[in-house]
Amino acid sequence: MSAPADHRPVLFRNGTVLTMDDAHTVLTGADVLVVDDTVADVGTGLAAPDGAVEVDASGGIVMPGMIDTHRHMWQTAMRAYGADWTLTQYFVWYYLEHGKHFRPEDIHAGNVLSAWESLEAGVTTTVDWSHGLQTTDHADAAADALESVPGRFVLAYGNIQAAPWEWTADAAVRSFFERRTRSDRLGFQLAFDVTGDPSFPERAAYEFARDLGLAVTTHAGVWGATNDDGIRLAHEAGLIGSDDVFVHAATLTADSYHRIASTGASISVSTESEQSAGQGYPPTWQVRQHGIPVSLSMDTSVWWSGDLFTAMRSTLGADRSREHLEAHVKGDTVTHSSLRAEHVVEWATRGGAAALGRDDLGQLVAGKKADVVLIKNDHSPVSFPLLNPYGHVAFQAQRGDVHTVVVDGHVVKADGRLVGADLPAMRTAVDNTVDFLVSTIGEDAWMSGMNPDLPPGSVLDNPYQYTDYKSDATREARGTMFGDPGS
Ligand SMILES: [Zn+2]
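Residues numbered from 1 in each chain as written. Predicted model: local features only at pLDDT ≥ 70, side-chain atom pairs only at ≥ 80, totals over all residues. Heavy atoms only, no water.

Concerning the coordination of the zinc ion
Working step 1: Ligation of the zinc ion by protein atoms is provided by His-70 (NE2), His-72 (NE2), His-219 (NE2) and Asp-299 (OD), these donors lying 2.1 to 2.5 Å from the ion.
Working step 2: Angles of 80 to 175° at the metal separate the 4 donor atoms of the zinc ion, which places the site in the irregular class.
Working step 3: Counting the intervening residues between successive donors of the zinc ion yields the motif H-x1-H-x146-H-x79-D. Separated by 80 residues along the polypeptide, His-219 in strand β10 (residues 215-220) and Asp-299 in the loop between β13 (294-296) and α11 (308-329) bring together distant segments of the chain.
Working step 4: For His-219, a relative accessible area of 8% translates into the label buried. (Donors = N, O, S within 2.8 Å, 3.2 Å for Na, K, Ca; no water. Tetrahedral: all angles 85-135°; square planar, octahedral: opposite > 155°, others 65-115°. Helix = DSSP H or I, 4+ residues; strand = E, 2+ residues; numbered from the N terminus. Buried < 20%, exposed > 50% of the residue type's maximum accessible area, 1.4 Å probe, protein only.)

In structure tokens:
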């Protein structure tokens, strides 16, 4: 584990502190003291121990490190490539056609880049939903990458090139879990999807997970892919554990939510993903009726961003949008927002900690692990006035405002810059991966994969176009922009 050698105490001085303790205490003009790997004290006017690094947090917000419970980190090597994809195009690209081309070094390159991307945005714990592990060499590369970066990670082991009951039967996979060290900074889960086949072949994968003491994370309620049947089968078999995570959980009936709620398992909502890829409507507006715990996630940087500011913002927007829509259908008006900025900050911190069974994360409380983020940007007009700290985090702040990040007591970002990150080496590794993929699948397939064909579209005939205010040429140009106008 290569962590910075510098392990001096760190004292954040005079900030607005979101403790995220049980009472959600917010302190102003307050200090947070980190000693070794632990939050030693939170309060005002704390004494600095000998040799402490003091960080001026005035005008800023000190909060617990954020936690992303579902990200396919290997796909960061193809950042933004699939920006215009649908879920179908994603499945075709990775599952059917090209995911198999990834070598262990490609998994490594994507993971290292994604891991530093997390830290840079104040995401101190990230679940690597790693479903490109065709061999244990790939798995070792994924784990090595995560161990080389000074954040907290959970490697959720998966393999889309084989059925879960096949790859979990591989003795090499079992030996991977036996020989890799689980630590405070690197945990493991099992990642696979349950198709709803009535014979429930995924039972073997669940039993493998239970045998090894691993939580199961699964894409659930994904339109066209997974549905209520998978949840019912696993629940009827008594195989859902309280540490299991149901990702998306979007296209489901109340029966599935009742079953999930009864087990204590949680839901990982990837709003930016669900809104764009088509798994179903981001479900927070309905899961609150079931009391199911929620955490947030970003899913994949092949499409979207890798920061939880965006997750918080998009989740608030989707939830409120749906609530207004449901009310308007009934002729009603929403007069109070059910989902508050404070709730999404909770989900981004303690929600993630709870999903991972980590009571020691997600709070700035003495005795908890020292994963701390300072949001402060004295060069930005968006940094003041600081009136509503939760609202500021959820709707105003962004990754460029992350000033300082501490993980396990180590400073990994200071004064807006990562500490110890070799960006040139990361760039070389990822460039090599891209070059390899392009040469393997061919330039034409690479370009067409990134730019999926747009089916013909048309602009409606407009009865109000009485004049030549819009010329034929203008209308034609507009039609072309959105597809063939067909006229
Ligand atoms: Zn996913």
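Details of the layout of surface pockets
Working step 1: Volume-wise, the largest pocket comes out at about 500 Å³.
Working step 2: As for the largest pocket, its lining consists of 28 residues, and the residues nearest its centre are Phe-91, Tyr-95, Ile-160, Asp-193 and His-219.
Working step 3: Contributions of two or more residues to the lining of the largest pocket are made by α1 (87-98) and α4 (164-167).
Working step 4: Classifying every residue of the lining of the largest pocket by side-chain character gives 16 nonpolar, 9 polar and 3 charged.
Working step 5: Considering only enclosed or pocket space, the second largest pocket measures out at about 330 Å³ in volume.
Working step 6: What lines the second largest pocket is a set of 21 residues, and nearest its centre among them are Val-154, Gly-187, Phe-188, Leu-356 and Arg-358.
Working step 7: Residue assignment for the lining of the second largest pocket shows that the elements contributing at least two residues are β8 (152-157) and β9 (186-191).
Working step 8: Here the lining of the second largest pocket takes 4 residues from β9, the largest share from any one element.
Working step 9: Partitioned by chemical class, the residues of the lining of the second largest pocket number 9 nonpolar, 6 polar and 6 charged. (1 Å grid on protein atoms, 1.4 Å probe; cavity = no way out; pocket = protein on both sides within 12 Å on 5 of 7 lines; lining within 4 Å. Points joined across faces, edges and corners; volume = space filled by probe spheres on them. Nonpolar A, V, L, I, M, F, W, Y, C, P; charged D, E, K, R; others polar.)

Describing the packing of aromatic side chains
Working step 1: Enumeration over the complete set of coordinates arrives at 27 aromatic pairs.
Working step 2: Relative to Phe-91, the ring of Tyr-90 lies with its centre 5.9 Å away and its plane at 55°, an arrangement referred to as tilted.
Working step 3: For Tyr-90, a relative accessible area of 5% gives the class buried.
Working step 4: Summarising the aromatic geometry, the rings of Phe-177 and Phe-208 are spaced 6.2 Å apart at their centres and angled 65° between planes, so their arrangement reads as edge-to-face. Of this pair, Phe-177 sits in helix α5 (residues 171-179) while Phe-208 sits in helix α6 (residues 203-212), placing them 31 residues apart in sequence.
Working step 5: In this structure Phe-177 comes out as buried when scored by relative accessible area, which is 6%.
Working step 6: For Phe-208, a relative accessible area of 5% puts it in the buried group.
Working step 7: Against the face of Tyr-281 rests Arg-322, its NZ or CZ located 4.9 Å from the ring centre. (Phe/Tyr/Trp six-rings, centres within 6.5 Å; stacked < 30°, edge-to-face > 60°. Lys NZ or Arg CZ within 6 Å of the ring centre and 35° of its normal.)

Things to note about the pattern of salt bridges
Working step 1: One pass over the full model with this rule turns up 32 salt bridges.
Working step 2: In this structure, Arg-180 engages Asp-140 in a salt bridge whose closest nitrogen and oxygen atoms are separated by 2.8 Å. With a gap of 40 residues between them, Arg-180 in the loop between α5 and β9 and Asp-140 in helix α3 (residues 136-147) connect regions that are remote in the sequence. Considered together, Arg-180 and Asp-140 belong to a single accessibility category, that of buried residues.
Working step 3: Residue Asp-360 is joined to Arg-358 by a salt bridge in which the shortest nitrogen-to-oxygen separation is 2.8 Å. (Salt bridge = Lys/Arg side-chain N within 4 Å of Asp/Glu carboxyl O.)

What about empty space enclosed by the protein?
Working step 1: Counted by the stated rule, this structure contains 3 cavities of 30 Å³ or more.
Working step 2: Of the volumes computed, that of the largest cavity is approximately 90 Å³.
Working step 3: If you go around the largest cavity, you meet 13 residues; those closest to its centre are Ile-375, Asn-377, Val-382, Ser-383 and His-392.
Working step 4: Here the lining of the largest cavity is built from residues that sort into 5 nonpolar, 6 polar and 2 charged.
Working step 5: Within this model, the second largest cavity holds a volume of roughly 60 Å³.
Working step 6: Lining the second largest cavity are Val-194, Tyr-206, Thr-218, His-219, Ala-220, Gly-221, Thr-226, Asn-227, Gly-230, Ile-231 and Phe-246.
Working step 7: Looking at the lining of the second largest cavity, the elements that each hand over two or more residues are β10 and α7 (228-236).
Working step 8: No other element matches the 3 residues that β10 contributes to the lining of the second largest cavity.
Working step 9: Grouping the constituent residues of the lining of the second largest cavity by class yields 5 nonpolar, 6 polar and no charged.

Some words on the confidence of the model for the chain
Working step 1: Averaged over the chain, the pLDDT score is 94; the fraction of residues at 70 or greater is 94%.
Working step 2: Of the regions scoring below 50 in pLDDT, residues 1-5 engages in 12 contacts with residues more than four places distant in sequence or in other chains. (pLDDT = per-residue confidence, 0-100. Contact = heavy atoms within 4.5 Å.)

Quick look at the sheet that holds strand β12 (residues 266-269)
Working step 1: The 8 strands are arranged β6-β7-β8-β9-β10-β11-β12-β13 in an open sheet whose pairing can be described as parallel. With partners counted over all chains shown, the strands left at the sheet margins are β6 (66-71) and β13, one partner each. Each strand axis lies, on average, 25° off the axis of its neighbour in the sheet, ignoring direction.
Working step 2: Note: β12 against β13, 3 bridges, orientation parallel. Paired with Ile-267 across the strands is Val-294, a residue of β13.
Working step 3: Helix α2 (residues 104-120) rests against β6, β7 (123-130) and β8 of the sheet, and its axis sits at about 150° to β7.
Working step 4: Its contacts with the sheet put helix α12 (residues 341-355) on β6, β11 (245-248), β12 and β13, and the angle it makes with β13 is roughly 105°. (Pairing = 2+ DSSP bridges. Axes fitted to C-alpha atoms, helices over the stretch in contact; angles between N-to-C directions.)

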